[in-house]
Amino acid sequence: MFKQWTKGRVHPLKSVSRKNSSLQEKTTVMIASRFFGSMIVSLVCLVLPLTVAAQQPVPLEGDESELIAVLESEASVFEKAKACQRLAIIGTPQSIPVITTLLADPKLSHYARFALESNPNPQVDEVLRKALEELQGRPLIGVINSVAARRDTKAVEVLTRLATGRDDEVAAAAVSGLGVLATDESIRRVQEVLSGKPSLRMAAADACLTAADQLLVNGQNAEAVEVLVALRQAELPRHIDVASRLGEIRSGTQNKNERMISYLRDPDRDLFRIGLELAHHQRDAESTRTLLQEFENLPTDRQVLLIHVLGERADASALPTLAGLADSHEANIKLATVRVLGRLGDETVLPVLIKAAVSDSE
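Everything numeric in this text was worked out from a predicted model, so none of it was measured.

A.B. asks: What am I meant to see in the overall build of the protein here?
C.D. replies: Scanning the protein for helices and strands turns up 21 helices and 0 strands. Residues classed as buried in the protein amount to 38% of the 362 residues present. Sequence separation of at least 24 residues holds for 59% of the intrachain contacts in the protein that already meet a minimum separation of 6.

A.B. asks: Is there a simple way to think about the nonpolar core in this case?
C.D. replies: Nonpolar side chains in soluble globular proteins tend to end up buried together. Ranked by size, the top nonpolar core spans 61 residues in total, and within it Leu132, Ile144, Leu159 and Leu162 carry the most contacts. Looking at which element gives the most residues to this core, the answer is helix H12 (residues 201-217), with 9 residues. In terms of nonpolar packing, the next biggest core, distinct from the first, is built from 31 residues, Phe272, Ile274, Leu291 and Val309 among them.

A.B. asks: Looking at this structure, how should I read the packing of aromatic side chains?
C.D. replies: Any aromatic ring pair is given by two values, namely how distant the centres are and how the planes are angled relative to each other. Within this structure, the stated rule accounts for 0 aromatic pairs. The ring of Phe272 carries the charged tip of Arg302 above its face, separated from the ring centre by 4.1 Å.

A.B. asks: In this structure, what is going on with helix H3 (residues 64-72)? I would like to understand it.
C.D. replies: In an α-helix, one full turn covers 3.6 residues, which means residues spaced three or four apart are oriented alike. Taken residue by residue, H3 has Glu64, Leu67, Ile68, Val70 and Leu71 as its buried positions. For H3, the arc enclosing every buried residue in end-on projection is 155 degrees, short of the 170-degree limit, so these residues lie on one face. As for H3, its buried residues are in contact with helix H4 (77-90) and helix H5 (96-100).

A.B. asks: How should I be thinking about the environment of Val229 in this particular structure?
C.D. replies: Tracing the chain through its elements places Val229 in helix H13 (residues 221-232). Residue classification places Val229 among the partly exposed residues on the basis of a relative accessible area of 28%. The spacing of Val229 and Asp241 is 12 residues in sequence and 9.4 Å in space, taken between C-alpha atoms.

A.B. asks: It is not clear to me how the packing of helix H6 (residues 109-117) against helix H8 (residues 137-149) should be interpreted in this structure. Could you clarify?
C.D. replies: Between two packed helices, the angle of one axis relative to the other and the distance separating the axes together describe the packing. Following both chains from N to C, one finds H6 and H8 inclined at 15 degrees, their axes separated by 10 Å at the closest point. Looking at the two axes, H6 sits roughly parallel to H8. Handedness of the H6/H8 crossing: right-handed. Where H6 abuts H8, its residues Ser109, Arg113 and Glu117 lie against Pro139, Gly142, Val143, Ser146 and Ala149. Within the contact of H6 with H8, the residues separate by chemical class into 3 nonpolar, 3 polar and 2 charged.

A.B. asks: Just checking my understanding: could you explain the packing of H12 against H13 for this structure?
C.D. replies: For the pair H12 and H13, interaxial distance at closest approach is 8 Å and the crossing angle is 165 degrees. Relative to H13, the element H12 lies roughly antiparallel. Of the two possible hands of crossing, H12 and H13 adopt the one that is left-handed. Across the interface between the two elements, Ala205, Cys208, Leu209, Ala212, Leu215 and Leu216 from H12 touch Asn221, Glu223, Ala224, Val227, Leu228 and Leu231 from H13.

A.B. asks: How should helix H9 (residues 156-163) be read in this particular structure?
C.D. replies: Among the 8 residues that make up H9, 6 are buried, leaving the element largely enclosed by the rest of the structure. Tucked into the core, H9 has its buried residues touching helix H7 (123-134), H8, helix H10 (168-181) and helix H11 (184-194).

A.B. asks: Even after reading the chapter, I still don't get the pattern of salt bridges, so can you show me in this structure?
C.D. replies: Once the charged atoms of two side chains with opposite charge are near each other, the side chains can pair. Following the criterion strictly, the structure yields 19 salt bridges and no others. Arg161 is the salt-bridge partner of Glu133, the closest N and O atoms lying 3.2 Å from each other. Here Glu133, found in helix H7, pairs with Arg161, found in helix H9; they are 28 residues apart in sequence, far enough to count as distant. For Glu133, a relative accessible area of 52% gives the class exposed. Salt bridges sharing partners connect three or more residues here, namely Arg232, Arg238, Asp241, Arg245, Glu248 and Asp268.

What counts, and where the lines are drawn
- Residues numbered from 1 in each chain as written.
- Predicted model: local features only at pLDDT ≥ 70, side-chain atom pairs only at ≥ 80, totals over all residues.
- Heavy atoms only, no water.
- Helix = DSSP H or I, 4+ residues; strand = E, 2+ residues; numbered from the N terminus.
- Buried < 20%, exposed > 50% of the residue type's maximum accessible area, 1.4 Å probe, protein only.
- Contact = heavy atoms within 4.5 Å.
- Core = buried A, V, L, I, M, F, W, Y, C linked by side-chain atoms within 4.5 Å.
- Phe/Tyr/Trp six-rings, centres within 6.5 Å; stacked < 30°, edge-to-face > 60°.
- Lys NZ or Arg CZ within 6 Å of the ring centre and 35° of its normal.
- Arc of directions from axis to C-beta.
- Axes fitted to C-alpha atoms, helices over the stretch in contact; angles between N-to-C directions.
- Parallel < 35°, antiparallel > 145°, perpendicular 65-115°, else oblique.
- Left-handed = near helix turned anticlockwise from the far one by under 90°.
- Nonpolar A, V, L, I, M, F, W, Y, C, P; charged D, E, K, R; others polar.
- Salt bridge = Lys/Arg side-chain N within 4 Å of Asp/Glu carboxyl O.

Pasting the structure below:
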């Protein structure tokens, strides 16, 4: 009733209040306008000189001749670097000679290589191979990386020579490059280094793994396995051995279920983890049956981990076995089972979960 009676009416005090409020709003707007106006002017005065100072005479897009002129001039390192970046996009054979002259420049070598790597002209491979025989130190290492990135298999001979040089840093880069190329000859050279100078063995091991990966990408699975098996025969750190085994699994040349079980049984925890990884990714019904048959053969701590993997695999055929584990005498087995049944189960596991909920076990 009160709301209806006051509808459409304006109280005298409210009228005065509204007038005062309107006046206050206008005053506030005027003050704010002046404040922000002066602030904007101040900001413009501060930013404008910085903006003008930051502007550089950037050549027009697509004007290769002007970019070349910048590289040949006394322009700053910044301007030449920007020119190289532009030439990486629009460069033609015309710009290759002048860019090549920058490969020995410690400040611009990286930008020069960036411009050359993306240029599809075969002339680039020729100048990079020549640079391999002329440069030293960090610029040489950079060119080695560029040769590998361009997959220039004609550079195997030069890289082999560098891999046996006195500079270990350069030699390690050359070994890595040979691994990336992954030809029969380059892999053979890497394997020779693997059994040679101790300081280069880890670089050679990594190169073998890289070569095997490249062979797998190319569909040369049998060749990849040969590289990985030979790698495991060398005395190397454990992580290399584990990585080689994972590579073998990727090759698909072996029975994955048999290999999975052998790793789950292996006393070495690293190999056991490989077995768990296989169990996680092998989600077919046959793999589930294999895992359930193997479960009883594992110690309790490994059974707990396998229970979680079975839950993550989301194969309902494992439900009966898992539900039965809820009555286990091992507390960790019970706890893992209840957690998994909550994610994997359906209405059939409700009695098991209710029984666990009302039990005296904390």
